[in-house]
Structures are given as C-alpha cells and as structure tokens.
Amino acid sequence: MAYRSPVAEIRFILDKVVPFAPLAETERFAEATGETVEAVLTEAGRLCDEVMAPLSRAGDLHPARLENGVVRSSPGFKEAYAQIAEGHWVAVAATQEYGGMGLPQTLCVAINDMMSGANLALQLNPLLTQGQIEALEHHASEEIKALYIPKLIAGTWSGTMNLTEPQAGSDVGALRTKAEPQGDGTYAITGQKIFISWGDSDLTENICHLVLARLPDAAPGTKGISLFMVPKRLPDAAGNPGVANSLKVVSLEHKMGLHGSPTCVMSFEGATGWMVGEPNKGMAAMFTMMNNARLAVGVQGIGIAEGAYQKALDYARERVQFGPIIAHADVRRMLAEMRAEIFAARAIALACAVALDMGRATGKEGWHARAALLTPIAKAYGTDVGIHVADQGIQVHGGMGFIEETGAAQYLRDVRVTAIYEGTNGIQAMDLVGRKMMDEGRAAFRLLQEVEDAAKAAREALPDLAEAVWQAAETMREATEALIAQSTQDRFAGAVPYLRAFARVLGAHYHLQAALADGARAKLAAIYIRRILPQAEADLAAARAGAVDLFALSPEDLGA
Ligand SMILES: Cc1cc2nc3c(=O)[nH]c(=O)nc-3n(C[C@H](O)[C@H](O)[C@H](O)COP(=O)(O)OP(=O)(O)OC[C@H]3O[C@@H](n4cnc5c(N)ncnc54)[C@H](O)[C@@H]3O)c2cc1C
C-alpha cells in the first residue's frame, strides 16, 4: 500500500497527549481551533499522499543534475513543488504581516512530519525556507523583510543556509568566507561553501542564500562572524529577480541517499550581499534559523520512520514463511517497538513545538526554557528513531529489504544524514548537557517533576506502568543531579546516552498519558515502558561513567 499521512495519530497526540487547545486560548493563536487543525492536517495529508509520496522513488533513482551550471530537479519535483507553494504550504507559521497564515509552529511541525514521510528530499526545500523566514523576521532590516519575506512565504523564492566550508563543519567558527564593504551598504562575498542543500534548483525563480562570512577586521572564531543575504539573482527596482549575482554551483555531491535534494558546492565570487542583523553577531541570527531547522530535522526522522514502518507492516501482513510473518513473535516485536518509538519521538517533537508556540504567545520564560531544553532532544531522538526504525524496516523485509526495488532501503539511506546535518547528534547532546544545563538543571528538573506528578496521578488507573515511569523519572532526576556536579569533560563524555535516556523517560511519560486518555493505547504503552524504557537505566550508567575511561585509552590503544 502507498504512504498514508498519519493525520489521525497527530490529531490524537495534539488532543490528548500534548494538548494543543491552550494555544487557541491565547490571543496570538485564537484562530487555531480544533476545526482549523483538522482542516489543515487533512488537506496537507492529501497533498503528501497524492502528490509528494508518488515522486519519492523517482527522486532516488533520478538525482538532481547539474547542467551548464544550473540544477535540474528530479522528475516531477517542479510540478509538485508548485502545488506546495500554491497551496500556501511552504510556511504556514510565517507572520501575517507579510502574507503568512500566522498559524502555530506546531502545525508546521505536524505538516513537516507528514511531508517528510512522503518525500524527504523535496520536503527539505520548504524546510530551509521556513527557517530563513524566521531568521529574517527576527533579524533583518525592514527593507529586506519587505522585499524577501513575501516571496519566500509564497514559495516563488526559496531559502538556503550557507555555513559549512571544507575546514569548518561542527566548528563553524573556523569559516573563512570574506565580506568586504562596498561603500554603498552592500558587501562583496567571496569564498567556498560545501554541502549546501538546495543551493540551486529550477523549482523557484530566485534562491536566497543566507551566508555566514567575516568582515575584514573581524575577530577569529564565532565572535567574528556576520550574516548576509546573497540572492542568486539581484532584485531589480520592482523587486523582481534581475541580473545574476556573482555566485555559482561548482558541483553536486554524490550521496548515499536523499538523492532528490541537490547538495551543492557553492562558490561566491565577490557576490553582492546585504547584512542581516548586526556586524559580528551573525551566529546569533543564524541560530534562529538553526533552531527552527533543528526541530524540523528531528521531525524528518519521525516522518521517515512512519513511512518505513508502514511499508514494513504492509510487507509483514503479506509475506508468508511458516504462515504470515506478522504471526511470528520476533517480527511482532520489531513492529511493536517501531510503532512505540515513533509515537514517543512524535510526542516529544510536538511537545517541543507547543512549548515554542506557548512561549511566543505568552512570553513566559518557563515555556522558552522548556522549548530550548526539548529542541536537542527532539532533534537527536527523532533522527535516531528514524534511523533505527528504517533499519528495522529492512529487517522485517528480510532479503527483500536489501533489494532496492522494495524501497525499504531508500528510507535508511535517506534518513541517515539527519543525525549528521543541522549539528550532529553528538553536538546536540553536548548542547543539552552544556548550554541547556546552565540554569543548574532548573528546566530539566521542572519537566521531570511534571513526569513524576503525572505518573503518581496515574497509579490507580495503570499501576504497573505508572510505577515504572515514576521510577525512571526518579532515576533520571538523580542522574541529572550527578551530571550537574560533573566536569564539562565528564558531561560531554556521557552526553549522548544521557540525552537518549531523557528522551526515553519523556517517551514513556507521553505513552502513559495516551494510555490514560484511551485504554486501547495501554498495549502500545506497555511495549514502550516494559521493553524500551528499561534501556534508559543502562544509558544513565554510561552517562555517569564520565570521561576517565575514554581517555585512559590512548589513540595507540585504539589501534592508531
Ligand atoms: C546531505 C547534507 C546536507 C547538508 N546541508 C547543509 C546546508 O544546507 N548548509 C550547511 O551549511 N551545511 C550543510 N551540511 C553540512 C552539515 O551541517 C555538516 O556535515 C555537519 O554540521 C557536520 O560537520 P562535518 O561534516 O564537517 O563533520 P565534523 O565536524 O568533521 O564532525 C565529525 C565527527 O566529529 C564529531 N565532533 C566534531 N566536533 C566535536 C566536538 N567539539 N565534540 C565532540 N564531537 C565532535 C561530530 O559529532 C562527528 O561525529 C549538510 C551535510 C550533508 C551531508
């Protein structure tokens, strides 16, 4: 069977698990009623199922090509993108001031989830535009906002982010691209960027590059980085795409997956750019785009997991080996765990999105801190679940999973990069145990307290499950207290298992809430709480181990 957008599942989570309704009670999001949510998700789901999903395989088999310096998209992508833009799906959360719908980010996240499951390579294009719009809304001059944002919202222009250079990956501060003032308010941008997603395409009439570069007298490291808008075509006096800017695509990367998304090596050769935000404060401005994209990339993992799960389930019902393979305990285990992990990751991502929106609507610091804490968890766990579920999807298919025709392998090849781009999952985990714990763990302890209180309240209805969740939250609290007392190096050494354990405690909490709201969901909650949650304890043991044993091994001990 073809991909089916999980509209009902997302509705359930927003109704019962991480309630969306309080958002509609705020002035800012008063229009986001239950009916709006239903209508938006249903309509977007139709686009995903009928237009985007049927093209995913074509994107894999016929990658974007570079022809005479211009990128030609995979078959059907241009027409499908036109429908995304015409349906106003590029940026549903963008401000109404410039023609956006002004809907909560949560709905955007839900749509991105469905679009990612349908066609990850194509979905990456609007994802980047969404982040760029947000960065411009917060940091650009009024002129830049008025010129660019309406076109980005309409989807006639698209946005990219240009951070990475050959010597500057995770260490963005090592970038060398130069920006020289031209004396007329513009800057000449010169340098090479690599791995730029959708750095060129034939989907839109202009492409807006947000580029990180250094002013001539800039300090070394991240303190000397500024941000620039560098369009592919310079807007003319009427705001239409005019003459070509001095930039080009040098080549496209050959990748293990995500073939429909052109990943470009870009050369900026004295290209005209306009500064966005303050001189030397480019990282702060780019962080707005990166934060948006971090949650969105987490959601890409969840979308792919959904697609891979659906395919595996369909196969398991049809394939007969000693009877239908879905009747075998090990296959049932794989499918149950896949579904349980998808629910957990999706609930965490939506909880993060609701916290973001509540922060925007109420201005309350508690919501901002909640969203900041959940962002690296949503990114890393969502993408880890995507990879794990796609891998299990292949296993359910047996040998046919390894054969490309079934499409099971494409999910794993496509999703693998999500744990790498937008900050590797290791960097996300370091953000969680470092920057996000600079409040001495206050936001984390507040969230864990809510988990414990909810588990206590569930003791009568679901005693076994509630007790396990309460105990896990308590262990997580103790581990967090221990983490706060650790040195930075020890924290970093345990960051990845710590993040995973935190995600699993939260996942168990949301499963418990789902089971309370709908008794039929207790069975899936039991799978997560009995089989997956216990792994949190093992992860926390590793997290507490610190760095000593790692550095006791010299590079020579590692075989270097
Ligand atoms: C398909 C694709 C699309 C991309 N799209 C874009 C894009 O549109 N725009 C853009 O600017 N970039 C893009 N990127 C680049 C991407 O963001 C980087 O690949 C990523 O940030 C990691 O950088 P790196 O590849 O240089 O790895 P490195 O930084 O070299 O990392 C290698 C390993 O070392 C670890 N590591 C590095 N530093 C530390 C540290 N301090 N502590 C602990 N561990 C560390 C990493 O976690 C990783 O495991 C894309 C990449 C790919 C593959």
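Worth saying up front: this structure is predicted, and the values here are computed from it rather than measured.

What counts, and at which threshold
Residues numbered from 1 in each chain as written. Predicted model: local features only at pLDDT ≥ 70, side-chain atom pairs only at ≥ 80, totals over all residues. Heavy atoms only, no water. Domains from an automatic or database assignment. Contact = heavy atoms within 4.5 Å. Buried area = accessible area lost by both parts, 1.4 Å probe. Salt bridge = Lys/Arg side-chain N within 4 Å of Asp/Glu carboxyl O. Helix = DSSP H or I, 4+ residues; strand = E, 2+ residues; numbered from the N terminus. Buried < 20%, exposed > 50% of the residue type's maximum accessible area, 1.4 Å probe, protein only. UniProt positions renumbered as here; feature names shortened; annotations may be inferred. Near = heavy atom within 4 Å. Polar contact = N/O pair within 3.5 Å; in protein donor to acceptor, adjacent residues only side chain to side chain. Areas by Shrake-Rupley, 256 points an atom, 1.4 Å probe, with all protein chains shown as cover. Nonpolar A, V, L, I, M, F, W, Y, C, P; charged D, E, K, R; others polar.

### Remarks on the domain arrangement of the chain
No. 1: When its domains are assigned, the chain resolves into domain 1 (7-154), domain 2 (158-279) and domain 3 (437-547).
No. 2: Each of domain 1 and domain 2 has a C-alpha centre, and these two points are 23 Å apart.
No. 3: Opposite the 32 residues of domain 1 that make contact, domain 2 presents 31 residues.
No. 4: Across the interface of domain 1 and domain 2, roughly 2700 Å² is buried in total on both sides, 67% from carbon and sulfur atoms.
No. 5: At the boundary of domain 1 with domain 2, the tally comes to zero salt bridges.

### Quick word on the pattern of salt bridges
No. 1: The tally for this structure, following the rule as stated, stands at 31 salt bridges.
No. 2: Its salt-bridge partner being Glu 269, residue Lys 248 comes within 3.4 Å of it at the nearest N-O pair. Taken together, the residues span a long stretch of sequence, with Lys 248 in strand β10 (residues 247-252) and Glu 269 in strand β11 (residues 263-276) at a distance of 21 residues.
No. 3: According to the relative accessible area criterion, Lys 248 is partly exposed, its value standing at 43%.
No. 4: For the salt bridge of Arg 500 with Asp 539, the shortest nitrogen-to-oxygen distance reads 2.9 Å. Of this pair, Arg 500 sits in helix α18 (residues 495-517) while Asp 539 sits in helix α20 (residues 535-544), and the two are 39 residues apart along the sequence.
No. 5: Note on Arg 500: relative accessible area 27%, which makes it partly exposed.
No. 6: Looking at Asp 539, the relative accessible area reads 10%, which means it is buried.
No. 7: Overlapping salt bridges bring together Arg 57, Asp 60, Glu 404 and Arg 413 as one network.

### What about the UniProt feature "domain: Acyl-CoA dehydrogenase/oxidase N-terminal" (unreviewed entry) in the chain?
No. 1: UniProt marks residues 75-155 with the feature "domain: Acyl-CoA dehydrogenase/oxidase N-terminal" (unreviewed entry), using the numbering shown here.
No. 2: With 70% helix and 0% strand, residues 75-155 has its two end C-alpha atoms placed 19 Å apart.

### Let's talk about the site of the ligand
No. 1: Lining the immediate environment of the ligand, one finds 18 residues, of which Met 161, Thr 164, Ser 170, Phe 195 and Thr 424 sit closest.
No. 2: Backbone polar atom of Met 161 to a nitrogen atom of the ligand: 2.8 Å apart, as the coordinates give it.
No. 3: Look at the ligand: alone it shows 980 Å² of surface, and the protein chains cover 62% of it.
No. 4: Those elements that provide at least two residues to the shell around the ligand are β3 (157-162), β5 (187-197) and α14 (425-433).
No. 5: The element best represented in the shell around the ligand is β5, accounting for three residues.
No. 6: Looking at side-chain class alone, the shell around the ligand contains nine nonpolar, seven polar and two charged residues.

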